[in-house]
Amino acid sequence: MRQPQGLQPQGLVGWTFYIFLLPFRFVYSTLLDLIRFTFRLFRPDPRRALTDPVGDVMRFIKNFEEAYGSFHPTFYRGTYSQALTDAKKELKFMLVYLHGDDHQDTDDFCRRTLCDPEVVQFVNQRSLFWACSVSTSEGYRVSQALQENTYPFLALIVLRDARMTVVARIEGMVEKRFLMDKLNLVITDNEASLMLARADRQNRDLNQSIRQEQDVAYQESLRADQEKVRRKKEEHERQEKEQEEERNKIIEEELHRENIARLKVELSEQVPDEPTADSVDCIRIMLKLPDGTRLERKFLRNQSLKYLYYYVFCHEKAPDDFQIVTNFPRRTLQCQPTDEVPEPPTFSEAKLGKSEMLFVHDNTA
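For the structure given in this document, a descriptive report is provided here. The written sequence of each chain sets the order in which its residues are numbered from 1. Where local features are concerned, this predicted model is filtered to residues with pLDDT of at least 70; where side-chain atom pairs are given and counted, the filter is 80 or more; whole-chain, interface and lining totals use all residues. Note that water and hydrogens are dropped before the side-chain values are worked out from all heavy atoms of the structure.

Digging into the side chain of H99
And step 1. Relative to the assigned elements, H99 resides in strand β1 (residues 93-99).
And step 2. Exposed residues in this analysis have more than 50% of their type's maximum accessible area, buried residues have under 20%, and partly exposed residues fall in between, with area computed by a 1.4 Å probe over protein chains only. By relative accessible area, H99 is classed as buried at 6%.
And step 3. For this analysis, a polar contact is any N or O atom pair within 3.5 Å, provided that within protein one partner can donate a hydrogen and the other can accept it, and provided that sequence-adjacent residues contribute only side-chain to side-chain pairs. Only 2.8 Å separates the side chain of H99 from the side chain of Y97, close enough to count as a polar contact.
And step 4. Setting aside chain neighbours within four positions, we find H99 in contact with F60, Y68, T106, C110, C132, S133 and V134. Strands are runs of DSSP state E lasting at least two residues, helices are runs of H or I lasting at least four, and both sets are numbered from the N terminus onward. Whether two residues are in contact is decided by their heavy atoms: any pair within 4.5 Å suffices.

With respect to the sheet that holds strand β9 (residues 355-362)
And step 1. Strands are labelled as partners when DSSP assigns at least two bridges between them. An order of β6-β5-β9-β7-β8 is seen for the five strands of this open sheet, with the pairing classed as mixed. Edge positions in the sheet fall to β6 (294-300) and β8 (332-333), since each has one partner strand and no second.
And step 2. In the sheet, strand β7 (residues 322-326) pairs with β9 via five bridges, with the strands oriented antiparallel. From the neighbouring strand, T326 faces β9, where its bridge partner is L358.
And step 3. Sheet strands in contact with helix α8 (residues 306-313) are β5 (282-288), β6, β7 and β9, and its direction is about 150 degrees off that of β6. Here the axes come from fitting lines to C-alpha atoms, over the contacting stretch only for helices, and the angles between their N-to-C directions go from 0 to 180 degrees.

Some points on the pattern of salt bridges
And step 1. Whenever Lys or Arg places a side-chain nitrogen within 4 Å of a carboxyl oxygen from Asp or Glu, that contact is recorded as a salt bridge. In total, this model carries 23 salt bridges according to the counting rule given.
And step 2. A salt bridge links R204 to D200; the nearest nitrogen and oxygen atoms lie 2.2 Å apart. In this pair, R204 and D200 are both assigned in helix α7 (residues 176-268), four residues apart and thus about one turn of the helix distant.
And step 3. For R204, a relative accessible area of 43% gives the class partly exposed.

Examining unusual backbone geometry
And step 1. The omega torsion of the bond from Y151 to P152 falls at -5 degrees, within 30 degrees of zero and hence cis.
And step 2. One can find P152 in the loop between α6 (137-146) and β3 (153-160).
And step 3. In the segment running from F328 into P329, the intervening peptide bond is cis, with an omega of -10 degrees.
And step 4. Positive phi values are uncommon outside glycine, yet Q147 reaches one of about 55 degrees.
And step 5. Locating Q147 in the fold gives a position in the loop between α6 and β3.

Here it is, written out as structure tokens:
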């Protein structure tokens, strides 16, 4: 299909007017190009300096809407590089429009073609649309990359072989039907590459998702194993601690028993002999042990109550920790020697009668 460079004249009058103006157009265009060339020889193009690329795009959109209204294809509000990145990421076609402010066909193209409702709907549905004026630094930079020949200029870009590639160039004035047919044909021809890219990306995403799920499962399994090891270690340490405590307890109890046995031997030797029955100053003590065993023993009234304590302590059925209490009135006899009272009172001082019934209370019961 031949790409037209401008609207064709219609009828005899149109052709006559077109041929009449052709030399003037040629001279105007040639002189304008010569002036631009001469001017650039002596003054570098200020558009080569990049200042604010996003600002260039936003100012173009503002100027475009002031000139042609707000009904137009949706402009991408960012730099050319950002638009390329998003189109690649979203796997979309990217339509680039370079606006030549002083070109004779620019105004007619924007009003009759670019802002046509069918074109607006088509572009919005089928592509990401980026545009800028070549009189700005950003537009000029894109112009140098795309190397257009005339204006209006459109380029269709799509992802092919893992890179963004220009698949169509439309230069010069075109009507809406030609533009839509051309874009539709190119999009249809290149849709397969996008479908392949989508399938490849879906496959990569699926593989990545599977790897992530496997990683998550592995991490969960690893955490579970680590938790088992931790609990097992803690249980082992707890058992070892309990066993150590049990061993220490057994050792302490054995030492305590040995100490008690040794002490009983020592104290039994200190208990004085029991007075004879005909002793005048003696007291008869009857004792009831916690297990019901009854003991009977005579002591002299002037003897210390500690000997009563020693006597009970050394008995094989008596508890190791005990108190001796009276029946009525109930009171505890201070008969065990202590650091504060190393010498307990005598039987007489404790006001015990000639015959007493005493009870041995187990302090650990």
